[in-house]
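Survey of secondary and tertiary structure
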Amino acid sequence: MTLSQIRRRVNALKRKFVLELAILRLRRIAEAVADDWDLDEPPEPHDVIQRVAKAGFRLSTFMRLRWYLNDAIRQGDVPEPRRIVTSLLPWASKDCYRGFFRSELPA
C-alpha cells in the first residue's frame, strides 16, 4: 500500500466519522475549560467561545454556550463538559452518542 492510498483511507475515515470526531474534539476542550474553571474568577464566556473557534469550529450555537456559561457563573457552578458539548452540538445528546461521554478520552 502506498502513502497516498493510506492518506485517502484516513481521509475517508475522517469523513465517515466526522460527527464522532467533533464530539471528541469538543469534549477535550470542554474538559480543559472545566478543569481550568476558577469559581472566584470564572472566565468570560467570550473567552471560552474563542477557544472553541480557535480549534476550528464555526458553529451557529455559540449563543447557547454563552447562555449555559452565564447560568453556571450566576449559580457559582463549574460547567459540566457534557453540557458544554451538547450546548454546541445539540444532536450529540442523542442516545447513540452517549458512550462518547462515559469513556476516557483517547490520548
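In short, a report on the structure.

Glancing now at the packing of helix α2 (residues 18-36) against helix α3 (residues 45-54). Following both chains from N to C, one finds α2 and α3 inclined at 150°, their axes separated by 10 Å at the closest point. If you check the angle between α2 and α3, you find them roughly antiparallel. The crossing of α2 and α3 is right-handed. Listed contacts from α3 to L26, I29, A32, V33 and D36 of α2 are V48, R51 and V52. Looking at the contact of α2 with α3 residue by residue, the classes come out as six nonpolar, no polar and two charged.

Summed over all chains, the structure comprises three salt bridges. Between D36 and R51 there is a salt bridge, and its shortest N-O distance comes to 3.6 Å. Of this pair, D36 sits in helix α2 while R51 sits in helix α3, and the two are 15 residues apart along the sequence. Of the charged contacts in the structure, one is a salt bridge between R74 and D71, with a shortest N-O distance of 2.4 Å. Placement of both R74 and D71 in helix α4 (residues 62-75) is noted, with a separation of three residues, approximately one turn of the helix.

A few words now on α4. Between its first and last C-alpha atoms α4 spans 20 Å; for 14 residues at 1.5 Å apiece the expected length is 20 Å, and the two agree. Looking at α4, one finds that the buried residues are F62, L65, Y68, L69 and A72. For α4, the angular spread of buried residues about the axis comes to 120°, placing them on one side. Residues of α4 that are exposed and point over 90 degrees away from its buried face: W67, R74 and Q75. Buried residues belonging to α4 abut α3 and α5 (81-88).

Conventions used here
- Residues numbered from 1 in each chain as written.
- Predicted model: local features only at pLDDT ≥ 70, side-chain atom pairs only at ≥ 80, totals over all residues.
- Heavy atoms only, no water.
- Axes fitted to C-alpha atoms, helices over the stretch in contact; angles between N-to-C directions.
- Helix = DSSP H or I, 4+ residues; strand = E, 2+ residues; numbered from the N terminus.
- Parallel < 35°, antiparallel > 145°, perpendicular 65-115°, else oblique.
- Left-handed = near helix turned anticlockwise from the far one by under 90°.
- Contact = heavy atoms within 4.5 Å.
- Nonpolar A, V, L, I, M, F, W, Y, C, P; charged D, E, K, R; others polar.
- Salt bridge = Lys/Arg side-chain N within 4 Å of Asp/Glu carboxyl O.
- Expected span 1.5 Å × (residues − 1).
- Buried < 20%, exposed > 50% of the residue type's maximum accessible area, 1.4 Å probe, protein only.
- Arc of directions from axis to C-beta.

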